Amino acid sequence: MSPKNLPLTPTLSTAHSGIPERLLSKATHAKALIYDGKTVSDTVPLSRGLPVPQGISKKAFLAAIDELGAVLGAQHVQLNDTEVKNGWYMEHPNTHDMMPLLDTEEFVASAVVYPGSVEDVKLLVRWANKHLVPLFPISMGRNLGYGGSAPRVRGSVTVDLGRRMNRILDINEADYTCLVEPGVTFYALHEEIVKRGLADKMWIDTPDLGGGSVVGNTLDRGVGYTPYGDHWACHSGLEVVLPKVGEDGEVPVVRTGMGALGVGGENTWQCFPYGFGPYSDGIFSQSNFGIVTKMGMTLMPNPGGYESFMYTFPDESCLAPLIEIIRPLRISNILENVAQLRHGLQTLSVKGHPRTKYYSGGGPMPEDVVRKHLRETATGECAWVYYGMSYGPAHIRAHKLAIIDAEFRKIPGCKKIDPKTLPADEYFWSRDKVASGTPDLEELKWVNWMPNGAHIAFSPVSPIRGEDAMKLWELARKRHDEAGLDLMPAFCVGLREMHLIIEIVYDATDVDMRRRAEKCLRDMIDDAAALGYGEYRTHLALMDQVAGTYNWNDNALMKFNNMLKDTLDPNGILAPGRCGIWPKRYRGRGWELKGGETSSEGSGVAPAAADSKI
Ligand code: EUG
């Protein structure tokens, strides 16, 4: 099908995962660009047939699926046994990773199920424990760059919470909080605030792309770009279904913080995250200890004005002194939001054109070529671009912006770009929307850098120091040069740390390039760990390696995680291997991925399901 004739992307009025009407034309354009660069079929046949999870026979598995259909409703249980479709960001699969680092049929689900209520989720937990089938819960399953919707264990049953559990349960105008289910996207929450006429009053905080689940992104500790950019820090209250069936046959459901009060979270649940006693929320983020069915989130009051600004810096060597200038301004809140400091190459790639438009040589694109093309853009020739925002009424902004300007100009060659000179389709205006709480779709464009564009992220955190930025930048430079890959770093500056996000864009059909991307990632993870840096989040295929770098005191933290896992989920039914946490049934059987493997599976689980030989 020619990109021009592609079916329209579903909108929010027809699908919970849809695009807001206001972004439909942007989606149509973005989709056409992606399909333009697609040289392979969107459909991948499952040549290995139904991916039955290890430890159960195909016959027993199919019988268990029938049993599940009878109680959940057959229409809410889909077997995944013929083919998978890759789609794109807005029409993404829920069965596998559309940007696979190994073969498509490795991180793949045997079935997808759609619970419609907490009772349904409890039923799934009961079923999984009875048949010893691994479940892999997703909210929206976007999470691109980190494995998408794919389960870690081949043949897991994906629990797509988002499709039917997508209610906005509360938007509280007095407290500036909300309570949402897993299927609520940043797009959907924003649209609802607009629809209720509250947009002048309150903002959400959104990642670069708004299609992700508020619950899913927050549980993965994702970031956004207003002063509320640390999503996990801004949540308040969870409702969680635990993975173990109690002695009484009941599946426990807990509410954390003030939600644990007898009345179940009547008034303070979304206002005070801690409640009384141990703060349990942490163990349900980036873990496999429970299935989160509700989450509270704080909303930001409209600050009464905002103003984006953009500075460019001429040389790569400006990085360290600039970061030193940023730190005190950020910690003292003169720099108020989670801003991005991007390399010039990313400012070029986000225009959405293929790399071949600029350069046809192999290896990383040379710096002078990047500079030459940047010179022809509104950004101008530079090595780094800072995209920030100042909030509040004009006179207050003016005061803060003057301080920032005086400080940034200490870097020789620093330029402030006047937004008035920038055309309406300039990327700057997308950052302007995102940093003022309106989700957009612009960020996707850099996947077109490569045909069949796939991406995977290296995401280390460090203090906001020039020295740290340089160490990470240099190790990334070295490993990208060795692998012959373009280096496109962006620093997201938090309050006392920064997340460095390096997205490697590769051609998913180019096996050699994919291997180089994996090698580059794995080398950077090891190099960073040797210097004392760790990743805040990672791709499914890299979780064992990253978890292995958090090994202080003889792996004390993983031992603790394993203790929790064995207690909370003794049958190991919930997301085995997620974040490197393996249930007892899988441990010591070669399930960990350390690099270069072609199979994602270990050899069996123990004990197997009783009827596994049927
Ligand atoms: C970004 C991407 C991430 C992330 C944080 C920020 C922004 C990219 C793919 O993951 O974890 C420009």
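Parameters and conventions
- Residue positions within a chain follow its written sequence, with the count starting from 1.
- Side-chain atom pairs in this predicted model are given and counted only at pLDDT of 80 or more, local residue features only at pLDDT of at least 70, and totals for whole chains, interfaces and linings cover all residues.
- Side-chain metrics rest on all non-hydrogen atoms present in the structure, leaving aside hydrogens and water.
- Patches in this entry comprise residues that are over 30% relatively accessible and not in a salt bridge; like charges within 9 Å are linked, as are nonpolar side chains (Val, Leu, Ile, Met, Phe, Trp, Tyr) within 5 Å.
- The Shrake-Rupley method, run with a 1.4 Å probe sphere, supplies the accessible areas, and residue values consider only the shown protein chains as cover.
- Note on definitions: salt bridges are taken to be side-chain nitrogens of Lys or Arg within 4 Å of carboxyl oxygens of Asp or Glu.
- Secondary structure elements follow DSSP: runs of H or I no shorter than four residues count as helices, runs of E no shorter than two count as strands, and numbering proceeds from the N terminus.
- In this scheme, a residue with accessible area under 20% of its type's maximum is buried, one over 50% is exposed, and one in between is partly exposed, where area comes from a 1.4 Å probe on protein chains only.
- Two strands are said to pair when DSSP picks up at least two bridges between them.
- Using protein atoms alone on a 1 Å grid, points that fit a 1.4 Å probe yet trap it form a cavity, whereas open point sets bounded by protein on both sides within 12 Å along at least five of seven lines form a pocket; residues with an atom within 4 Å of a point count as lining.
- Grid points are joined across faces, edges and corners, and a volume is the space filled by probe spheres set on the points.
- The nonpolar class holds Ala, Val, Leu, Ile, Met, Phe, Trp, Tyr, Cys and Pro. Asp, Glu, Lys and Arg form the charged class, and all remaining residues, Gly among them, are polar.
- Neighbouring residues are identified by heavy atoms, a residue being near a molecule or strand if any of them is within 4 Å of it.
- Think of a polar contact as two N or O atoms within 3.5 Å of one another; within protein, one of them needs to be a possible hydrogen donor and the other a possible acceptor, and neighboring residues in sequence only count if both atoms come from side chains.
- These domain boundaries are the output of an automatic or database domain assignment.
- Lines fitted to C-alpha atoms define the axes, with helix axes restricted to the stretch in contact, and inter-axis angles between N-to-C directions lie between 0 and 180 degrees.
- By definition, residues are in contact when any of their heavy atoms lie within 4.5 Å.
- UniProt positions are given in the numbering used here, feature names are shortened, and annotations may be inferred rather than shown by experiment.
- Residues belong to one nonpolar core when they are buried, are Ala, Val, Leu, Ile, Met, Phe, Trp, Tyr or Cys, and are joined through side-chain atoms within 4.5 Å.
- Throughout, the accessible surface (probe 1.4 Å) given up by two parts as they are put together, summed over both, is called the buried area.

**With respect to a nonpolar patch on the surface**
On the surface, Tyr-550, Leu-557, Phe-560 and Met-563 cluster together into a nonpolar patch covering about 420 Å² of accessible area. Tracing the backbone shows Met-563 in helix α15 (residues 552-568).

**Topic: the pairing of strand β15 (residues 339-343)**
Of all five residues in β15, five are buried; the element is thus mostly enclosed. Along β15, one buried face is formed by Ala-339, Leu-341 and His-343 and the opposite face, lined by Gln-340 and Arg-342, is buried too. Of the pairings in the sheet, the one linking β15 to strand β20 (residues 489-493) comprises four bridges and is antiparallel in character. In the strand pairing of β20, Leu-341 is matched with Phe-491. Bridge analysis of β15 against strand β16 (residues 384-391) gives four bridges, and the strand direction is antiparallel. Following the sheet pairing, His-343 is matched in β16 by Trp-384.

**Describing empty space enclosed by the protein**
To find the voids left in a structure, one rolls a probe of water-molecule size over its atoms. Per the stated rule, a full pass over the model turns up four cavities of 30 Å³ or more. Looking at the second largest cavity, its volume works out to about 60 Å³. Taken together, Phe-186, Leu-189, Ile-204, Asp-205, Val-214, Tyr-228, Cys-234, Met-297, Thr-298 and Leu-299 make up the full set of residues lining the second largest cavity. Elements that contribute at least two residues to the lining of the second largest cavity include exactly α4 (186-195) and β12 (291-298). Residue classes in the lining of the second largest cavity are distributed as eight nonpolar, one polar and one charged.

**Things to note about the site of the ligand**
Around the ligand lies a shell formed by Leu-144, Tyr-146, Asp-208, Val-223, Tyr-225, Gln-340, Arg-342, Glu-443, Ile-501, Glu-503, Tyr-536 and Arg-537. Take Tyr-146: an N or O atom from its side chain is 2.6 Å from an oxygen atom of the ligand. Separating an oxygen atom of the ligand from a side-chain N or O atom of Tyr-536 is a distance of 2.3 Å. For the ligand, whose accessible area on its own is 340 Å², the fraction buried by protein is 90%. Put simply, the parts of the chain that give the shell around the ligand at least two residues each are β15 and β21 (497-507). For the shell around the ligand, the per-class residue count stands at six nonpolar, one polar and five charged. Counting only domains with at least three residues in the shell around the ligand, you end up with domain 3 (168-301) and domain 4 (306-543).

**Digging into the sheet that holds strand β4 (residues 111-113)**
Spatial strand order, β2-β4-β6-β5: four strands in an open sheet with mixed pairing. Two strands in the sheet have a free side with no partner beyond their single neighbour: β2 (77-79) and β5 (135-138). Mean inter-strand twist for the sheet, computed between neighbouring axes without regard to direction, equals 20°. Contacts from helix α2 (residues 58-72) reach β2, β4 and β6 (157-160) within the one sheet, and its direction differs from that of β2 by about 155°. Relative to the sheet, helix α3 (residues 118-131) contacts β4, β5 and β6, its axis offset from that of β5 by approximately 155°.

**Focus: the UniProt feature "domain: FAD-binding PCMH-type" (unreviewed entry) in the protein**
UniProt's feature table lists "domain: FAD-binding PCMH-type" (unreviewed entry) at residues 105-302, given in the numbering used throughout. As annotated, residues 105-302 has a helix share of 17% and a strand share of 21%, and its two end C-alpha atoms lie 46 Å apart.

**Looking at the nonpolar core**
One finds Trp-88, Phe-313, Leu-319, Ile-326, Tyr-386, Phe-408 and Leu-441 to be the most contacted residues of the largest nonpolar core, which totals 105 residues. Formed by 31 residues, the second largest nonpolar core is a distinct cluster that contains Val-121, Val-159, Val-241 and Ile-573.

**Brief notes about the domain arrangement of the protein**
For the protein, the domain assignment lists domain 1 (1-36), domain 2 (37-160), domain 3 (168-301) and domain 4 (306-543). Relative placement of domain 2 and domain 3: their C-alpha centres are 25 Å apart. In this complex, domain 2 contributes 13 residues to the contact, which on the side of domain 3 involves 25 residues. Summing the contributions of domain 2 and of domain 3, the shared interface buries around 1,400 Å²; its carbon and sulfur component is 70%.

**Observations concerning the pattern of salt bridges**
Inspection of the entire model under this criterion finds 49 salt bridges. Salt-bridge contacts for Glu-192 lead to Arg-196; the nearest nitrogen and oxygen are separated by 2.7 Å. A relative accessible area of 40% places Arg-196 in the partly exposed class. If you follow the salt bridges from partner to partner, you end up with Lys-478, Arg-479, Glu-482, Lys-519, Asp-523 and Asp-527 in one network.

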